[in-house]
Amino acid sequence: MKKLLILVLMIFAFFSTAVLAQSLFPNIPKATGNEHPQGNEFMRINHMDMLRHERDMTMREGIRDVDNSLAQCISCHVVKGTDSKPVTIESEEHFCRVCHDFAAVKLDCFSCHNSVPEEGLKTSFKHPDANGSLNAVMAYLEETAK
Amino acid sequence: MTKEKGANIHRRDFLKSGAALASVTLASGVTLMAMGQGVAAGANPNVRWGLLIDANKCPSDCSACISACSNEHGWEDNGLPTDPQWIRKITLKDKNTGHENTLPLMCQHCEKPPCVDVCPTGASFKRADGIVLVDRHICIGCRYCMMACPFKARSFVHEKVKGQKTSSPRGKGTVEGCNMCVHKLDKGEGTTACVTACSATGNNAMIFGDLNDPSSDISLALTNYPSVELRDDLRLNLGVRYLNI
């Protein structure tokens, strides 16, 4: 009888935490545009390093034709508000805030950068093609081996 | 928990993603720096961007360059002492003769910038093509550069900024100044907002170009006319020079 009670309690505890997790987990807004070739899990872990690396290239060396830029992120990951205009970082629905609020990680990109895409700005961005990059490396290695 | 929502990463996936990061980062580094397959090469160390401003052609009542800069970069000078000024008009008066000249003054993009010397974090830096910039990612807002600058060319952002231009991010607690429209130059436009506006008024008081290219308009003008740099006693070798002052 005791065992049965414990089992029932355990099952109840399991389901209640599962339901709790489901309801607390952030509801990540869908993005427009192509999918990340590296996958969403990769981006969730590495987006900050990619941005940091390429911000230094852009800022310090003037290399603007980078694969990953903040402007590119927010142009696809734009969330429209009730007035069908993109919401700024002040809204809890902003793509970046949804996860950053959940993880309690302070986000200070937008104290300087605009958090909504600029109107009329052409976004001819494309995601880096993982195979293309590999081919580029192989071609470079062949070139230098000569 | 659905796959889309979940952020639970298995060890195997994590390792795979790590491998992907290595290849992408390496690839972009190699593509951009070593191979240059039709991508922007970045700041060219053989170029030195400069400006030549003819004070005689600059009317005292014209402020086209200032409003163009303000529109391009999204800063606003409403007359408060703490408002930013990336470019401003100054009046020079000869005390003996009473002759007055007005001219626009902005960051002079020194070859040996004092702001870079004094910056404790390395945020103030000079790009390979001679443009002096503030890396606001690491600027701590100490304002040493503002004190070091002989031209009062930099401003501190005192208020929270909203609705910045995508091409010109700016924010509270950092120092900013003329960046020679570096976003335009990197796109290959080869001009700045102030120079475009000055030509549009018909005054043509400003010439922009590569000081290292002997055939550029600015180099030819510098060869043909006697230009001066401000505070030449400091021997900073400025990127901005003036005529007729």
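Please read all numbers here as calculations on a predicted model, not as lab measurements.

Reading guide: rules and limits
- In this numbering scheme, every chain counts its residues from 1 along its sequence in written order.
- Starting at A for chains and at 1 for ligands, labels are handed out in the order in which the entities are written.
- Two thresholds apply to this predicted model, a pLDDT of at least 70 for residue-level local features and 80 or more for giving and counting side-chain atom pairs, whereas whole-chain, interface and lining totals are computed over all residues.
- Helix and strand labels come from DSSP, where a helix needs a run of H or I of at least four residues and a strand needs a run of E of at least two; each type is numbered from the N terminus.
- Three classes are used. A residue is buried when 20 or more other C-beta atoms lie within 10 Å of its own, exposed when 12 or fewer do, and partly exposed in between, with C-beta atoms placed from the backbone.
- By definition, residue pairs are in contact when their C-beta atoms, positioned from the backbone, come within 7 Å.
- A pair of strands is labelled paired if DSSP reports no fewer than 2 bridges between them.
- Think of pLDDT as the predictor's per-residue confidence, scored from 0 to 100.
- What makes a nonpolar core is a set of buried Ala, Val, Leu, Ile, Met, Phe, Trp, Tyr and Cys residues, with links drawn between C-beta atoms within 7 Å.
- Each direction from the helix axis to a C-beta atom contributes to the arc, which is the arc of those directions.
- Fitting a line to C-alpha atoms yields each axis, with helices limited to the stretch in contact; the angle taken between N-to-C directions then spans 0 to 180 degrees.

Moving on: the overall build of chain B. Regarding its fold elements, chain B presents seven helices and nine strands. The buried share of chain B, taken over its 245 residues, is 36%. Long-range contacts, defined here as pairs at least 24 residues apart, represent 59% of the contacts in chain B between residues at least 6 apart.

Quick look at the overall build of chain A now. Within chain A one finds five helices and zero strands. Scanning chain A from its N terminus toward the C terminus, one meets helices and strands in the order α-α-α-α-α. Evaluated residue by residue, chain A yields a buried proportion of 20% over its 146 residues. Taking as baseline every contact in chain A between residues at least 6 positions apart, the subset at least 24 positions apart corresponds to 52%.

Let us look at the pairing of strand 1 (residues 49-54) of chain B. All names here are of chain B. Along strand 1, six of the six residues are buried, which leaves the element largely enclosed by surrounding structure. Side-chain alternation along strand 1 places Trp49, Leu51 and Ile53 on one buried face and Gly50, Leu52 and Asp54 on a second face that is also buried. Where strand 1 meets strand 8 (residues 206-210), five bridges bridge the pair, whose relative direction is antiparallel. Opposite leucine 51, over in strand 8, you have phenylalanine 208 as the bridge partner.

Before going further, it helps to examine the confidence of the model for chain B. All names here are of chain B. Taken residue by residue, chain B gives an average pLDDT of 87. The fraction at 70 or more is 84%. This stretch, residues 1-7, has a pLDDT under 50; its non-local contacts, to residues over four places away or in other chains, come to seven contacts. Contacts for the low-pLDDT stretch residues 14-39, under 50 throughout, to residues beyond four places or in other chains number 40 contacts. If you check the scores for this complex, the pTM reads 0.77 and the ipTM reads 0.78.

Below, the discussion takes up the nonpolar core. Ranked by size, the top nonpolar core spans 49 residues in total, and within it B:Ile53, B:Cys65, B:Cys194, B:Cys198 and B:Met206 carry the most contacts. When residues of this core are traced back to their parent elements, those giving at least two are strand 1, helix 2 (64-73), strand 3 (100-106), strand 5 (132-134), helix 5 (182-186), helix 6 (193-201), strand 8 and strand 9 (240-243) of chain B. The element contributing the most residues to this core is helix 6 of chain B, with five residues. Counting residues in hydrophobic clusters, the runner-up holds six residues, among them A:Leu70, A:Cys73, A:Ile74 and A:Phe110.

Quick look at helix 2 of chain B now. Residues and elements named next belong to chain B. Those residues of helix 2 not exposed but buried are Ala64, Cys65, Ala68, Cys69, Glu72 and His73. Buried residues in helix 2, looked at end-on, bunch into an arc of 140 degrees, giving them a common side. Of the residues one or two after helix 2, glycine 74 is the one with positive phi, at around 80 degrees.

With that out of the way, let us pick up unusual backbone geometry. Glycine aside, residues mostly have negative phi, and peptide bonds are mostly found in the trans state. Residues and elements named next belong to chain B. Within the chain, asparagine 204 stands out as a residue other than glycine whose phi angle is a positive 50 degrees. Here asparagine 204 shows up in the loop between helix 6 and strand 8. With a phi close to 60 degrees, asparagine 244 is a non-glycine residue in the positive phi region. With respect to the helices, strands and loops of the structure, asparagine 244 is situated in the segment after strand 9. Using a count of 16 C-beta atoms within 10 Å as the deciding quantity, one classes asparagine 244 as partly exposed.

Let us now look at the pairing of strand 3 of chain B. By the bridge criterion, seven bridges tie strand 2 (residues 87-93) of chain B to strand 3 of chain B in an arrangement that is antiparallel. In the sheet register, B:Leu92 faces strand 3 of chain B, and the bridge partner there is B:Asn101.

Residue and element names in this part refer to chain B. Turning to its location among the elements, glycine 141 is positioned in the loop between strand 5 and helix 4 (144-148). The exposure class of glycine 141 is partly exposed, given the 14 C-beta atoms found within 10 Å. Not counting residues up to four positions away in its chain, the partners in contact with glycine 141 are Phe156, Gly173, Thr174 and Val175.

Now for the confidence of the model for chain A. Residue and element names in this part refer to chain A. On average, residues of chain A score 79 in pLDDT, and 68% of them reach the 70 mark or higher. Taken element by element, chain A is modelled with least confidence in helix 5 (residues 130-145), mean pLDDT 52, and with most confidence in helix 4 (residues 95-103), mean pLDDT 94. For residues 123-132, every residue scores under 50 in pLDDT, and the model assigns this stretch 16 contacts once sequence neighbours within four places are set aside.

Turning our attention to the sheet that holds strand 1 of chain B. Residues and elements named next belong to chain B. Reading across the sheet, the three strands line up as 8-1-9 and stay open at both edges, with mixed pairing between neighbours. Sheet topology places strand 8 and strand 9 at the edges, where each strand pairs with a single neighbour. Between one strand axis and the next, the sheet turns through 20 degrees on average, direction left out of account. Against the sheet, helix 7 (residues 217-224) engages strand 1, strand 8 and strand 9, with an angle of about 115 degrees to strand 8.

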